[in-house]
Amino acid sequence: MGDNALFVVSSFVGDWDSRTFTNLVLHYDVITDPNQGHYYLQDCYPLQFADTDEVKANREKNAAQWETFTKYLGSKGKLKK
């Protein structure tokens, strides 16, 4: 935010990616809505690894940055619930 980086994204992944990532990724999803792709920040890829100890540790490490990011998005009216 401003001059400060909140996150370091480990990788860019798409639905076609068969590799496993246990840290923050930018996921390009075209399967959910084939007519329009969507981007998601995710704690890991694929999401079935979200409960591993490594992903949980990375999620805890990034918790303050996530809170800052979501508060900013909320202040701009950009959060969907």
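So, here's what we can say about the structure. The shown structure was predicted, so the numbers you read here are calculated from the model rather than taken from an experiment.

Re the packing of aromatic side chains
Okay, so step 1: Applying the stated rule across the entire model yields 5 aromatic pairs.
Okay, so step 2: Aromatic side chains phenylalanine 7 and tryptophan 66 sit 4.8 Å apart centroid to centroid with 55 degrees between the ring planes, which places their arrangement in the tilted category. Here the residue phenylalanine 7 occupies a position in the segment before strand 1 (11–14), and tryptophan 66 occupies one in helix 2 (residues 63–75), the gap between them amounting to 59 residues.
Okay, so step 3: Judged by relative accessible area, phenylalanine 7 falls into the buried class, the value being 17%.
Okay, so step 4: Seen in terms of ring centroids, phenylalanine 12 and tyrosine 39 are 6.4 Å apart; in terms of plane orientation they differ by 40 degrees. Their pairing is tilted.

With respect to the pattern of salt bridges
Okay, so step 1: Summed over all chains, the structure comprises 3 salt bridges.
Okay, so step 2: In this structure, the salt-bridge partner of lysine 71 is glutamate 67, at a minimum N-O distance of 3.1 Å. A residue pair is termed a helical-turn pair when its members lie 3 or 4 positions apart in one helix, as lysine 71 and glutamate 67 do in helix 2 at 4 residues.
Okay, so step 3: Overall, glutamate 67 belongs to the partly exposed group, its relative accessible area being 44%.

The rules we used
- Position labels on residues start from 1 in each chain and follow its written sequence.
- Totals for whole chains, interfaces and linings use all residues, but because this is a predicted model, local features are given only for residues with pLDDT of at least 70 and pairs of side-chain atoms are given and counted only at 80 or more.
- Hydrogens and waters are ignored; side-chain quantities use all the structure's heavy atoms.
- Two rings belonging to Phe, Tyr or Trp (six-membered ring only in the last case) form a pair when the distance between their centres is within 6.5 Å. Interplanar angles under 30 degrees mark stacking, angles over 60 mark edge-to-face geometry, and anything in between is tilted.
- Secondary structure follows DSSP: runs of H or I at least 4 residues long count as helices, runs of E at least 2 residues long count as strands, and numbering of each begins at the N terminus.
- Each residue is placed in one exposure class: buried if its accessible area under a 1.4 Å probe, protein chains only, is under 20% of its type's maximum, exposed if it is over 50%, and partly exposed if it falls in between.
- What counts as a salt bridge is simple: a side-chain nitrogen of Lys or Arg found within 4 Å of a carboxyl oxygen of Asp or Glu.

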